[in-house]
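Close look at the chain arrangement
Residues per chain, in single letters:
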Amino acid sequence: MGERHIVALGGGGFSDGDPLLDDYILGLTGKECPRVVFVPTASGDDAALIERFYAAFTERECRPSHLSLFRLPYPAIGEILSSHDVVYVGGGSTANMVAVWRIHGLDEVLRKAWERGVVLAGVSAGALCWFTSGVTDSLGPELAPWRDGLGILPGSFCPHYDAEPDRRPAYHRFVREGRLPAGYAADDGVGLHFEGSELAEVVSSREGAAAYRVEADGEAVTETRLEPRSLRPSPEGR
C-alpha cells in the first residue's frame with residue numbers, strides 16, 4: 001500500500017491558467033512521467049474544459065487522458081483508474097457529479113485507488129467531493145450546506161473563499177448553526193495537501209491567498225488562518 005495523497009484546490013489550476021498547483025500535484029507522484037486522468041463529470045464532460053486540460057498537460061512531462069461518463073460506450077472505470085498515478089477532478093456541480101459517480105460505482109473505485117497510493121486531486125467541486133460535506137452552489141440559486149460527500153477526508157470544505165463574497169459568511173453560518181461540521185476553506189490559488197486524512201501542507205500560487213480552519217465556538221465561529229508555502233519562484237537576487 002502506497003502513501004495516500006489528496007490535494008484539494010480552492011480554485012486555480014489549469015482551468016484558470018495556473019500551472020504551479022498542477023505541477024505540485026504531479027510532483028507528489030515521484031515519477032518522471034506520471035499518468036494523469038482527468039474526470040470532468042461535474043461539468044457534464046464539457047468539451048472545452050477537456051480541451052483545456054489536454055492543452056495544459058501535454059506541455060508537461062506526463063501522460064494525460066480523461067474519463068467520460070456521459071458518452072457511450074462507458075469505459076472500464078476500475079481498469080482506467082488503477083493504471084494512473086493521478087486522478088484530477090474538475091469543477092462544476094458537486095451534487096450531480098457524486099450522484100453520477102455512485103451510479104457507476106466510481107465512489108468506491110476512487111477510495112480503492114487512494115488506498116493504493118494514487119494521488120487524488122481536484123478543484124472546487126473536485127476538491128469538495130473528498131470531504132464529508134461542505135458549501136455548494138449546486139443545489140439551487142443560493143449557497144447551501146451539502147452533506148453527501150465521499151467522506152475520504154473528515155469534516156467540511158469551502159472552495160473559492162476569497163473569490164465569491166457570499167462564501168465566507170455562508171460557511172460561518174452553516175458551521176455556527178451546526179448544519180456543517182468544522183472544516184477547511186481555501187482561497188483561489190490555494191491547495192490543501194492531505195497525507196492520509198491529516199493536513200500535511202498548504203501551498204499557494206497567489207500572493208496573499210491562504211487556507212483557513214473554521215470551527216464552531218459556542219454560538220460563535222473561529223477562523224484560523226493557515227499560511228501557505230508559496231509556489232511562486234523567488235525573485236532573482238534574494
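Here the structure is a predicted model, which is why all the values come from computation and not from measurement.

**Topic: the packing of aromatic side chains**
- For the coordinates displayed, the defined rule picks out 15 aromatic pairs.
- Seen from their ring centres, Phe 57 and Tyr 88 are 5.8 Å apart, and the 80° between their planes marks the pair as edge-to-face. Of the two residues, Phe 57 sits in helix H2 (residues 47-57) while Tyr 88 sits in strand E4 (residues 86-89), which places them 31 residues apart along the sequence. Exposure class is identical for Phe 57 and Tyr 88. Each is buried.
- Put simply, the rings of Phe 14, Phe 38, Phe 53, Tyr 54, Phe 57 and Tyr 88 pair up and form one aromatic cluster.
- For Arg 4, the ring lying beneath its charged end belongs to Trp 114, and the centroid distance is 4.8 Å.
- One residue, Arg 168, lies across the ring of Tyr 212, its end atom 5.1 Å from the ring centre.

**Points about the sheet that holds E4**
- Pairing in this open sheet of eight strands is mixed, and the strands run E3-E2-E4-E5-E1-E10-E11-E14 from one edge to the other. Two strands close off the open sheet at either side, each with one partner strand: strand E3 (63-66) and strand E14 (229-230).
- Taken together, the four bridges between strand E2 (residues 35-39) and E4 define a ladder with parallel strand orientation. Residue pairing for E4: Val 36 is matched across the bridge by Val 86.

Rules of the game
Sequence positions are assigned chain by chain, starting from 1 and proceeding in written order. Per-residue local features of the predicted model are confined to residues with pLDDT of at least 70, and side-chain atom pairs are confined, for both listing and counting, to 80 or more; whole-chain, interface and lining totals are unaffected and use all residues. To obtain the side-chain values, all non-hydrogen atoms of the structure were included, while hydrogens and water were left out. Two rings belonging to Phe, Tyr or Trp (six-membered ring only in the last case) form a pair when the distance between their centres is within 6.5 Å. Interplanar angles under 30 degrees mark stacking, angles over 60 mark edge-to-face geometry, and anything in between is tilted. Only DSSP runs of H or I covering at least 4 residues are called helices, and only runs of E covering at least 2 are called strands; the numbering of each starts at the N terminus. The buried label applies to any residue whose accessible area, calculated with a 1.4 Å probe on protein chains only, is under 20% of its type's maximum; exposed applies above 50%, and partly exposed to all values in between. The rule for a charge over a ring is simple: NZ of Lys or CZ of Arg within 6 Å of the ring centre, and within 35 degrees of the ring normal. Between any two strands, pairing holds if DSSP finds at least two bridges.

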